[in-house]
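Here is how the chains run, residue by residue.
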Amino acid sequence: MDLTDTRSVNLNYTRALFEALTSLGLAIPEGASNLLSQINQEERIPIYLQDLLWESVIESYHDPLLGVRLGLAMQASQIGIVGYLLMTQKIWERR
(Lines give C-alpha, C1' and ligand atoms only; values in the text may rest on other atoms or scores of the structure.)
Protein backbone atom coordinates (compact mmCIF):
# COMPACT_ATOMS: atom_id res chain seq x y z
CA MET A 1 0.00 0.00 0.00
CA ASP A 2 1.40 3.34 -1.07
CA LEU A 3 0.39 6.08 1.37
CA THR A 4 1.84 8.72 -0.96
CA ASP A 5 -0.66 7.81 -3.71
CA THR A 6 -2.86 10.89 -4.12
CA ARG A 7 -5.68 9.19 -6.05
CA SER A 8 -9.11 9.08 -4.44
CA VAL A 9 -12.63 7.86 -5.06
CA ASN A 10 -15.98 9.48 -4.51
CA LEU A 11 -17.77 8.46 -1.32
CA ASN A 12 -20.78 7.44 -3.44
CA TYR A 13 -18.65 4.74 -5.04
CA THR A 14 -17.84 3.24 -1.65
CA ARG A 15 -21.45 3.53 -0.51
CA ALA A 16 -22.69 1.76 -3.65
CA LEU A 17 -20.29 -1.12 -3.09
CA PHE A 18 -21.40 -1.64 0.49
CA GLU A 19 -25.08 -1.29 -0.44
CA ALA A 20 -24.49 -4.04 -3.01
CA LEU A 21 -22.85 -6.17 -0.33
CA THR A 22 -25.85 -5.86 1.97
CA SER A 23 -28.26 -6.46 -0.94
CA LEU A 24 -26.55 -9.85 -1.33
CA GLY A 25 -27.39 -10.57 2.30
CA LEU A 26 -23.78 -10.15 3.43
CA ALA A 27 -22.92 -8.08 6.47
CA ILE A 28 -20.38 -5.29 6.25
CA PRO A 29 -17.27 -6.76 7.90
CA GLU A 30 -16.31 -5.33 11.27
CA GLY A 31 -12.94 -4.15 9.94
CA ALA A 32 -14.66 -2.27 7.13
CA SER A 33 -17.19 -0.77 9.55
CA ASN A 34 -14.33 0.52 11.69
CA LEU A 35 -12.69 2.10 8.63
CA LEU A 36 -15.98 3.58 7.45
CA SER A 37 -16.47 5.29 10.81
CA GLN A 38 -13.19 7.17 10.26
CA ILE A 39 -14.22 8.60 6.89
CA ASN A 40 -15.14 12.26 6.60
CA GLN A 41 -18.54 12.20 4.89
CA GLU A 42 -17.76 15.47 3.10
CA GLU A 43 -14.56 14.39 1.39
CA ARG A 44 -13.29 11.91 -1.18
CA ILE A 45 -11.79 8.66 0.04
CA PRO A 46 -8.04 8.17 -0.43
CA ILE A 47 -7.33 5.15 -2.63
CA TYR A 48 -5.25 3.47 0.09
CA LEU A 49 -8.29 3.55 2.39
CA GLN A 50 -10.49 2.12 -0.35
CA ASP A 51 -7.91 -0.67 -0.72
CA LEU A 52 -8.12 -1.38 3.02
CA LEU A 53 -11.91 -1.59 2.77
CA TRP A 54 -11.62 -4.11 -0.08
CA GLU A 55 -9.06 -6.15 1.86
CA SER A 56 -11.45 -6.32 4.80
CA VAL A 57 -14.24 -7.62 2.55
CA ILE A 58 -11.96 -10.15 0.85
CA GLU A 59 -10.71 -11.46 4.20
CA SER A 60 -14.29 -11.86 5.44
CA TYR A 61 -15.79 -13.50 2.34
CA HIS A 62 -13.64 -16.06 0.54
CA ASP A 63 -15.81 -16.07 -2.58
CA PRO A 64 -13.65 -15.82 -5.72
CA LEU A 65 -16.66 -14.41 -7.60
CA LEU A 66 -17.58 -11.79 -4.99
CA GLY A 67 -16.43 -8.91 -7.20
CA VAL A 68 -18.62 -10.17 -10.03
CA ARG A 69 -21.59 -10.64 -7.68
CA LEU A 70 -21.14 -7.11 -6.31
CA GLY A 71 -20.93 -5.70 -9.83
CA LEU A 72 -24.16 -7.44 -10.80
CA ALA A 73 -25.87 -6.25 -7.59
CA MET A 74 -25.00 -2.61 -8.32
CA GLN A 75 -27.52 -0.85 -10.51
CA ALA A 76 -27.01 2.25 -12.59
CA SER A 77 -29.13 5.13 -11.41
CA GLN A 78 -31.45 7.27 -13.52
CA ILE A 79 -28.59 9.61 -14.42
CA GLY A 80 -26.91 6.82 -16.36
CA ILE A 81 -23.36 5.60 -16.42
CA VAL A 82 -21.91 8.69 -18.12
CA GLY A 83 -23.66 10.95 -15.60
CA TYR A 84 -22.32 8.85 -12.74
CA LEU A 85 -18.79 9.04 -14.11
CA LEU A 86 -19.07 12.81 -14.44
CA MET A 87 -20.53 13.12 -10.94
CA THR A 88 -17.68 11.15 -9.38
CA GLN A 89 -14.80 13.01 -11.04
CA LYS A 90 -12.53 15.00 -8.82
CA ILE A 91 -12.90 18.72 -9.47
CA TRP A 92 -9.63 20.41 -10.29
CA GLU A 93 -9.16 24.01 -9.27
CA ARG A 94 -7.49 26.43 -11.63
CA ARG A 95 -4.75 28.38 -9.98
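Keep in mind that what you see is a predicted model, and the values were worked out from it rather than measured.

The next subject is the nonpolar core. Ranked by internal contacts, the top residues of the largest apolar core, which has 15 residues, are Phe18, Ile39, Ile45 and Leu53. Contributing elements (two or more residues each) for this core: α1 (11-23), α2 (30-36), α3 (47-60) and α4 (66-73). Leave out the neighbours within four places in its chain, and Ile39 touches Leu11, Ile45, Leu49 and Leu53.

A separate point is α3. Taking 1.5 Å of rise per residue, 14 residues should cover 20 Å, and α3 covers 20 Å from first to last C-alpha, within 8% of that figure. Those residues of α3 not exposed but buried are Ile47, Leu49, Gln50, Leu53, Ser56 and Val57. Lining the buried residues of α3 we find β1 (8-9), α1, α2, β2 (45-46) and α4.

Within this structure, the stated rule accounts for 1 cavity of 30 Å³ or more. By volume, the largest cavity is sized at about 70 Å³. Taken together, Leu17, Phe18, Leu21, Gln50, Leu53, Trp54, Val57 and Leu70 form the lining of the largest cavity. Elements with a contribution of two residues or more to the lining of the largest cavity: α1 and α3. Residue composition of the lining of the largest cavity, by class: 7 nonpolar, 1 polar and no charged.

This part is about the packing of α1 against α3. Relative orientation of the contacting elements α1 and α3 amounts to 10 degrees, with a least axis distance of 12 Å. One finds that α1 runs roughly parallel with respect to α3. The residues of α3 that touch α1, namely those facing Tyr13, Thr14, Leu17, Phe18 and Leu21, are Gln50, Leu53, Trp54 and Val57. Across the contact of α1 with α3, the residue classes break down as 7 nonpolar, 2 polar and no charged.

Another point: the pattern of salt bridges. If charged atoms from side chains of opposite charge come close, those side chains can pair. Counted according to the given criterion, the structure contains 2 salt bridges. A salt bridge links Asp63 to Arg69; the nearest nitrogen and oxygen atoms lie 2.6 Å apart. With a relative accessible area of 38%, Arg69 lands in the partly exposed category.

Thresholds, definitions, all that
Residues numbered from 1 in each chain as written. Predicted model: local features only at pLDDT ≥ 70, side-chain atom pairs only at ≥ 80, totals over all residues. Heavy atoms only, no water. Core = buried A, V, L, I, M, F, W, Y, C linked by side-chain atoms within 4.5 Å. Buried < 20%, exposed > 50% of the residue type's maximum accessible area, 1.4 Å probe, protein only. Helix = DSSP H or I, 4+ residues; strand = E, 2+ residues; numbered from the N terminus. Contact = heavy atoms within 4.5 Å. Expected span 1.5 Å × (residues − 1). 1 Å grid on protein atoms, 1.4 Å probe; cavity = no way out; pocket = protein on both sides within 12 Å on 5 of 7 lines; lining within 4 Å. Points joined across faces, edges and corners; volume = space filled by probe spheres on them. Nonpolar A, V, L, I, M, F, W, Y, C, P; charged D, E, K, R; others polar. Axes fitted to C-alpha atoms, helices over the stretch in contact; angles between N-to-C directions. Parallel < 35°, antiparallel > 145°, perpendicular 65-115°, else oblique. Salt bridge = Lys/Arg side-chain N within 4 Å of Asp/Glu carboxyl O.

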